[in-house]
Structures are given as structure tokens and as C-alpha cells.
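Residue strings, one per chain:
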Amino acid sequence: MSTGLPNTWPRLLADIGGTNARFALETAPGVLEDIIVLPCASHPTLEAAMRSYLAEVDTRAVAHAAIGIANPVTGDWVQMTNHHWAFSIEATRQALELTSLIVINDFTALALSLPHLPRNELVQVGGGEAISGSPLALIGPGTGLGVSALMPYPGGVMPLAGEGGHVSFAPFDEREAAIWRYARDRHGHVSAERLLSGPGLVLIYHALAALAGEPEQDLSAADITERGLAGSCPRCRETLDAFCAMLGTAAANLALTLGARGGVYLGGGIVPRLIDYFKTSPFRPRFEDKGRFSAYLAGIPVFVINSRYPALIGASAALAAHLEH
């Protein structure tokens, strides 16, 4: 059995999204092994998923664990926004006989990973050199829309734990205003996440089809992406263009709000799958289209995170800091 001391290995790390749960064992500082992705829908609870993973890797000698989860973490009780899992952090710790269990927002974990990501796992899309000592902004569409940042201070850096994906969507032009009206009529409040996510791709497609007077086909986000990239469906390509332009506006708004001259990082599961198209998509022109502050934004580099499990690295950093103190 584990002694429970802070230097006890292995440590259990997890990155829990609305669709998949990614698990790993950290067997030494920065060494991740036995990385396994489990569908959230295949397990009734987070505890069940954790037990399933530990059984699969044939270990129960774990004393310390850290979880990044796609949800606000404001206390002991966690109710996921884009999945049905709900749990008490303390009850889960006790049930799994852990000495410590920390749970943080998944994009807070991802923000903590940014200084540790190798350069060859980042794809730069425009801009100049990052300004050392400046804030780093983070935004990423996937099942939902995650937003965070890494803010410097004299003693180091501090990740932001916010819910910026749920700010109100801001249309840029008349076409986007029409898409916003379409979404508002069906959902009421239109957050940025409502459109900048996998389900948002489908909603944009339906809005554009309706505006053009076309019948709506029952296409998934994957269908729209595949047809749009292949050029086999002009409406799907228009959907991708609209999506990337909207993301450009949202990323620029975040960069201006934070003064993120250290760079804007794009995470989530969608953009890395579009990378060749994304480089020449409407994203960067829209990112820089800010009137008097266009030149300010033109210098800010944008990096697409092309790393397979970056949030696990951030969870590791969070757990190390927790145990150190």
C-alpha cells in the first residue's frame, strides 16, 4: 500500500471532458505512462471510470490524484455541464482510499501545461515573437468552449479558473447577426460556446441553410468538417469559414482583455483536426480586424496546441504544487 507521502509514486492523473476521460499514471516527475482514453458514456460515474482505469492498468497503489474536468469547480460538489456525472470530491477521495485528490477546471490544467509544451507540438498561425513575462491567453472549442490564461506575477505564474466560454456571443457582421438571431430563437441566451463548439458547428450549418432557404440535412459536426474540408459541400465549407472567423473574434477579444502579448493558445479537440485549412482560414484576418488595435493584435502570435494529452501535464503540475505546499 502507498505510504501517502508527497513523493509517493505513481500518481493518478485525469483529464475529463464531456465526451472522453483521459487517464495516466505519473511514475516519476513528468513521466506519464499507461495513458488510456475511456468514453464517459461507458461509465455511470467518475468513480466507476477511475476504478475501471486502475483495474485495467492493474494498480491500486495510488495515494495522490489530480483531475482536470470540463466544468467549473467552486466547492466540493461537481455537476458536469456537458455530461451527467456529478460527484463529491471528498466522497470520491474516500471511496478510492486516496490521501489527496484535487479537482480543477480542465482549461486551468491546460493553462498550467503551456510552459511545459515542446515547441514542436505548437503550430504558429501568424503574429510575431511572444513577449516574455506577458500573459498567455488560452481558448479552445471542443464539446464545449474552454477559456483560461496564465498570468505572470513576481513569484511565478497563476492560471485563471473562469468560465469565459459562457460569455455572450458578439456578432461581427450582418451574417453573424443573422446566425445569432437563429440561435437565440431556439435557445434564448446565445453564449460563445453555443456556436464555438462541436454542437455549435451543427447550429451554424443549420442557420446558414435556413438563411439560404435550403432544407437542413441531418449532419454531425464530423460530417460538416469532412465535407467542408473536402470541398464537396459549399454550405459545409461556409460553415467552417464562419466558425473560424467567429473564433478569431473571440480569441482577439480575449487577447485584448488580458493584454496577452505572450501569445494566444488554441486548445480543444476541433482546431487541431483542421490545421492545414486553419492556417489560411478566416481566423487570422478576423483576429487582427480590430480597427485602431489591429496593429497591436498583428504582433501577437497564435499557437495551435498539437499535443495529444497536454491537460494531463497541467494536472501533474497542479498536483506537484499542491503536494509541495
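These notes cover the structure that comes with them. (Residues numbered from 1 in each chain as written. Predicted model: local features only at pLDDT ≥ 70, side-chain atom pairs only at ≥ 80, totals over all residues. Heavy atoms only, no water.)

## Some thoughts on the sheet that holds strand β2 (residues 20–28)
The pairing of strands in a sheet happens through backbone hydrogen bonds and is either parallel or antiparallel.
Turning to step 1, where the next piece is worked out: Ordered in space as β3-β2-β1-β4-β7, the five strands form an open sheet in which the pairing is mixed. Only two strands of the sheet have a single partner each, and these edge strands are β3 (31–39) and β7 (100–105). The mean inter-strand angle of the sheet, taken between neighbouring strand axes irrespective of direction, is 15 degrees.
Turning to step 2, where the next piece is worked out: As defined by bridge partners, strand β1 (residues 11–16) adjoins β2 across six bridges and the pair is classed as antiparallel. By the bridge assignment, Asp15 is partnered in β2 with Arg22.
Turning to step 3, where the next piece is worked out: Packing of helix α1 (residues 46–56) onto the sheet brings it into contact with β1, β2, β3 and β4 (64–69), and relative to β3 it is tilted by some 130 degrees.
Turning to step 4, where the next piece is worked out: Along the sheet face, helix α12 (residues 310–324) touches β1, β2, β3, β4 and β7 and points at about 130 degrees away from the line of β1. (Pairing = 2+ DSSP bridges. Helix = DSSP H or I, 4+ residues; strand = E, 2+ residues; numbered from the N terminus. Axes fitted to C-alpha atoms, helices over the stretch in contact; angles between N-to-C directions. Contact = heavy atoms within 4.5 Å.)

## Notes on helix α8 (residues 234–258)
Turning to step 1, where the next piece is worked out: The end-to-end C-alpha separation of α8 is 36 Å, in line with the 36 Å expected for 25 residues at 1.5 Å each.
Turning to step 2, where the next piece is worked out: Counting buried residues along α8, 18 of its 25 residues qualify, which places the element largely inside the surrounding structure.
Turning to step 3, where the next piece is worked out: Positive backbone phi, at 65 degrees, marks Gly259, one or two positions downstream of α8. (Expected span 1.5 Å × (residues − 1). Buried < 20%, exposed > 50% of the residue type's maximum accessible area, 1.4 Å probe, protein only.)

## Looking at the sheet that holds strand β11 (residues 156–159)
Turning to step 1, where the next piece is worked out: On the basis of which strands lie adjacent, the open sheet formed by six strands has the order β8-β13-β12-β9-β10-β11 and mixed pairing. Looking at the sheet topology across the chains shown, the edges are occupied by β8 (122–124) and β11. With strand direction ignored, the average angle separating the axes of adjacent strands in the sheet is 25 degrees.
Turning to step 2, where the next piece is worked out: Pairing analysis gives three bridges linking β8 to strand β13 (residues 302–305), with the strands arranged antiparallel.

## Observations concerning the packing of helix α6 (residues 198–211) against helix α7 (residues 221–230)
Turning to step 1, where the next piece is worked out: Between α6 and α7, whose axes approach to 8 Å, the crossing angle comes to 65 degrees. Our classification of the angle between α6 and α7 gives roughly perpendicular. Where α6 crosses over α7, the two elements pack in a sense that is left-handed. The segment α6 lies against α7, with Gly198, Leu201, Val202 and Tyr205 engaging Ala221, Ile224 and Thr225.
Turning to step 2, where the next piece is worked out: Here the residues of the contact of α6 with α7 sort into five nonpolar, two polar and no charged. (Parallel < 35°, antiparallel > 145°, perpendicular 65-115°, else oblique. Left-handed = near helix turned anticlockwise from the far one by under 90°. Nonpolar A, V, L, I, M, F, W, Y, C, P; charged D, E, K, R; others polar.)

## Describing α1
Turning to step 1, where the next piece is worked out: Along α1, the residues that are buried comprise Leu46, Ala49, Met50, Tyr53 and Leu54. The buried residues of α1 all sit within an arc of 130 degrees when viewed along its axis, so they share a single face.
Turning to step 2, where the next piece is worked out: Residues of α1 that are buried make contact with β1, β2, β3, β4, β6 (86–88) and α2 (89–95).
Turning to step 3, where the next piece is worked out: In the stretch just after α1, Asp58 is the one whose phi turns positive, near 60 degrees. (Arc of directions from axis to C-beta.)

## So, the packing of aromatic side chains
Turning to step 1, where the next piece is worked out: The tally for this structure, following the rule as stated, stands at five aromatic pairs.
Turning to step 2, where the next piece is worked out: Arranged with centres 5.9 Å apart and planes meeting at 25 degrees, the rings of Phe283 and Phe287 form a pair that is stacked. Residue Phe283 and its partner Phe287 are located together in helix α10 (residues 283–287), separated by four residues, close to a single helical turn.
Turning to step 3, where the next piece is worked out: Looking at Phe287, the relative accessible area reads 0%, which means it is buried.
Turning to step 4, where the next piece is worked out: An aromatic cluster of three or more residues is present, and its members are Phe278, Phe283 and Phe287.
Turning to step 5, where the next piece is worked out: In this structure, Arg286 is placed above the aromatic ring of Phe172, and the distance from its NZ or CZ to the ring centre is 3.9 Å. (Phe/Tyr/Trp six-rings, centres within 6.5 Å; stacked < 30°, edge-to-face > 60°. Lys NZ or Arg CZ within 6 Å of the ring centre and 35° of its normal.)

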